[in-house]
Every structure is written in structure tokens, then in C-alpha cells.
Amino acid sequence: MKAKPLIPRALARQDVEDAVSYYLNEEAEQAALGFIDALEQAYSHIGRRPATGTSRYAHEINLPSLRSWPLKRYPYMVFYVERDDHIDVWRVLHGMWDIPAWLRDGDDSHH
């Protein structure tokens, strides 16, 4: 089975930029590089096996198709929806935040 391409939304791209900037501002260049590696691994996994992500947050925001997958060694989660021909990446959020509220805030471009 061919992996589906992941297409991050603008908010997801901004989330990633913010995370990398945070690590660089902390002078943690290795952590920034490790974050990118972990994100690429997560994207690769999601592209090959999108159904393995958890739908734990889907019901809280009333979006049954929403799934999430954690990054290895980093407290971030990738939130995505599987489409017929690609993976729609909504956000890449820090797991300690109030994730459902952040997702609701980003839902304005979907309908």
C-alpha cells in the first residue's frame, strides 16, 4: 500500500515553526534538529498507517474523523484527518496545552 502524502495546513506549518524557534531560542539546537527528525518520523508513519492514530480528541470537538499521533521523545501531537488521496494535517500541538480548545480555534477554514 502506497503512503499518502501529508499536506500540512498553514496553522500546522506555523506550529512547527514556533516549536523549532522555541528550541533555537533556548539554544537547544540539537533539540530543534531532533524535533524535526521526530516530526518526519511521525509524518512517515501517519502516511503509511493513518488509521493507527488515536481518535481520543475527536469526540471532544465533534469531529469523528480527527486522529492524532504523538512524536517520539517530544511532547507534541500531530492532529490530522485522512482524506481519499492525502492526509490533511491540522495542527502540531504541545501535549500539555488544552488541545481541544486549540483545535476549535483553528477550525474556521474547514467548512
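Anything mentioned here points back to the structure above.
Since we're looking at a predicted model, the values are computed, not measured.

Enquirer: Go over the packing of aromatic side chains, please, and point to the residues and values.
Expert: Given two aromatic rings, one states the distance between the centres and the angle between the planes to describe the pair. Overall, the coordinates contain six aromatic pairs when judged by the stated rule. On the basis of an interplanar angle of 45 degrees and a centroid distance of 6.0 Å, the ring pair of Tyr23 and Phe35 is categorised as tilted. Highlighted residues: Tyr23 in helix 1 (residues 10–25) and Phe35 in helix 2 (residues 29–48), separated in sequence by 12 residues. Take Tyr23 and Phe35: they sit in the same class, and that class is buried. A centroid spacing of 5.7 Å and a plane angle of 80 degrees characterise the contact between Tyr23 and Tyr74, whose relative ring orientation is edge-to-face. Of this pair, Tyr23 sits in helix 1 while Tyr74 sits in the loop between strand 2 (66–70) and strand 3 (76–82), and the two are 51 residues apart along the sequence. Exposure class is identical for Tyr23 and Tyr74. Each is buried.

Enquirer: Got a sec to walk through the sheet that holds strand 2? Specific residues and values, please.
Expert: Reading across the sheet, the four strands line up as 1-4-3-2 and stay open at both edges, with mixed pairing between neighbours. With partners counted over all chains shown, the strands left at the sheet margins are strand 1 (6–8) and strand 2, one partner each. Going from strand to strand, the sheet's axes swing by 35 degrees on average, the running direction of each strand aside. Looking at chain direction, strand 3 and strand 4 (residues 87–94) are connected through seven bridges and run antiparallel. Counted as the bridge partner of Val78 is Val92 from strand 4. Along the sheet face, helix 1 touches strand 1, strand 3 and strand 4 and points at about 35 degrees away from the line of strand 4.

Calculation notes
- Residues numbered from 1 in each chain as written.
- Predicted model: local features only at pLDDT ≥ 70, side-chain atom pairs only at ≥ 80, totals over all residues.
- Heavy atoms only, no water.
- Phe/Tyr/Trp six-rings, centres within 6.5 Å; stacked < 30°, edge-to-face > 60°.
- Helix = DSSP H or I, 4+ residues; strand = E, 2+ residues; numbered from the N terminus.
- Buried < 20%, exposed > 50% of the residue type's maximum accessible area, 1.4 Å probe, protein only.
- Pairing = 2+ DSSP bridges.
- Axes fitted to C-alpha atoms, helices over the stretch in contact; angles between N-to-C directions.
- Contact = heavy atoms within 4.5 Å.

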